[in-house]
Amino acid sequence: FHWLVFLELLLIDICENVYHMWSLHRQSRGEAGIVSRGEGRKLFIVATMLIRQFVEASVSGTFLLYILLIRQIRPKFSQLICLQSDAAFHRMTMFVVVSIVIEFILASVTYKFLRYHGFTPLLTLNGLICTYYRTFFAATCTTVLY
């Protein structure tokens, strides 16, 4: 893993978050006459932000768990892990840990932003996960099988 690729992915993630925050702020500011349509758009933006943050944080955490377990149990079954030296594996692990920390920082900023705009992000995310549990479960299973 090269640090420029990591930096590029980080900047793309930040730009996506800023775009969603700007869109939500613009929707909140410009709702003079149409309440129901504006509320629907705002909820869509909030749901998009929450699902993105949840998936990005959980995928990074799951990947870290998988590579650590595979490295300890059977590294020969994974080309990604068995071909790496200890130093290269440590470097990859550090990139993933830094990614997780950054994702949680971005999730905290998103949470504060949504709370400021009057939303309850954790309750909303809980509702989304409960409603679409099968979809999240299927996506997790396909990630593990891949």
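Definitions and cut-offs
- Numbering of residues starts from 1 in each chain and follows the order in which that chain's sequence is written.
- It should be noted that, the model being predicted, local features are given only for residues of pLDDT at least 70 and side-chain atom pairs only at 80 or more, the latter also being counted only at that level, while totals for whole chains, interfaces and linings use all residues.
- Note that water and hydrogens are dropped before the side-chain values are worked out from all heavy atoms of the structure.
- Numbering of helices and strands runs from the N terminus; a helix is a DSSP stretch of H or I covering at least four residues, while a strand is a stretch of E covering at least two.
- For every residue, the accessible area obtained with a 1.4 Å probe (protein chains only) is divided by the maximum for its type, and the residue is called buried under 20%, exposed over 50%, and partly exposed between those limits.
- What makes two residues a contact is simply this: any of their non-hydrogen atoms within 4.5 Å.
- The predictor rates its confidence in each residue with pLDDT, a number between 0 and 100.
- Only buried residues count toward a nonpolar core. Its members are Ala, Val, Leu, Ile, Met, Phe, Trp, Tyr and Cys residues joined through side-chain atoms within 4.5 Å.
- Ring geometry is summarised as follows: Phe, Tyr and Trp rings, the Trp one being its six-membered ring, pair when their centres sit within 6.5 Å, and such pairs are stacked at plane angles under 30 degrees, edge-to-face over 60 and tilted between the two.
- Only Lys NZ and Arg CZ are tested; either one counts as a charge over a ring when it is within 6 Å of the ring centre and within 35 degrees of the ring normal.
- By construction, the arc corresponds to the directions joining the helix axis to the C-beta atoms.
- Inter-axis angles, ranging from 0 to 180 degrees, are taken between N-to-C directions of lines fitted to C-alpha atoms, where helices are fitted over the stretch in contact.
- When describing relative orientation, an angle under 35 degrees is termed roughly parallel and one over 145 degrees roughly antiparallel, while 65 to 115 degrees is termed roughly perpendicular and anything else oblique.
- Polar here means any residue outside two lists: the nonpolar Ala, Val, Leu, Ile, Met, Phe, Trp, Tyr, Cys and Pro, and the charged Asp, Glu, Lys and Arg; Gly therefore counts as polar.

A. View of the overall build of the protein. Within the protein, the regular secondary structure consists of six helices and zero strands. Element order for the protein, N to C, with α for helix and β for strand: α-α-α-α-α-α. Counting only residues that meet the buried cut, the protein has 30% of its 146 residues in that class. Looking at the protein alone, contacts between residues at least 24 apart form 69% of all its contacts between residues at least 6 apart.

B. Expanded view of the confidence of the model for the protein. Overall, the prediction assigns the protein a mean pLDDT of 84, with 92% of residues at 70 or greater. The weakest mean pLDDT in the protein belongs to helix α3 (residues 79-82) at 77; the strongest belongs to helix α5 (residues 121-131) at 91.

C. View of the nonpolar core. Met21, Leu24, Ile45, Val46, Met49, Leu50, Phe113, Leu114, Phe119 and Leu125 form the largest nonpolar core, which has 10 residues in total. Listed by contribution, the elements that provide at least two residues to this core are α1 (3-29), α2 (35-73) and α4 (86-116). For this core, the element with the most residues is α2, which contributes four residues. Excluding residues within four positions of it along the chain, Val46 makes contact with Leu24, Leu114, Phe119 and Thr124.

D. View of the environment of Thr62. Tracing the backbone through its elements, the reader meets Thr62 in helix α2. Considering only alpha carbons, one finds Thr62 and Thr140, 78 residues apart in sequence, at a separation of 9.2 Å.

E. Looking closely at the packing of aromatic side chains. One pass over the full model with this rule turns up three aromatic pairs. Both rings, one in Tyr133 and one in Phe137, keep their centres 6.1 Å apart while their planes meet at 15°; by these two values the pair is stacked. Placement of both Tyr133 and Phe137 in helix α6 (residues 133-145) is noted, with a separation of four residues, approximately one turn of the helix. In this arrangement the basic side chain of Arg71 is found over the ring face of Phe89, its NZ or CZ atom lying 4.3 Å from the centre.

F. Representation of α5. Considered for burial, the residues of α5 that qualify are Pro121, Leu125 and Leu128. Buried residues of α5, viewed axially, fall in a sector of 60°; they line one side. Relative to its buried face, α5 has exposed residues pointing more than 90 degrees away, namely Leu122, Leu123, Cys130 and Thr131.

G. Geometry of the packing of α1 against α4. α4 packs onto α1 with a crossing angle of 10° between their chain directions and a minimal axis gap of 12 Å. When the interaxial angle is binned, α1 and α4 end up roughly parallel. Within the contact between the two elements, α1 uses Trp3, Phe6, Leu10, Asp13, Ile14, Asn17, Met21, Leu24 and His25 and α4 uses Arg91, Phe95, Val98, Ser99, Ile102, Glu103, Leu106, Val109, Thr110, Phe113 and Leu114. Classifying every residue of the contact of α1 with α4 by side-chain character gives 13 nonpolar, four polar and three charged.

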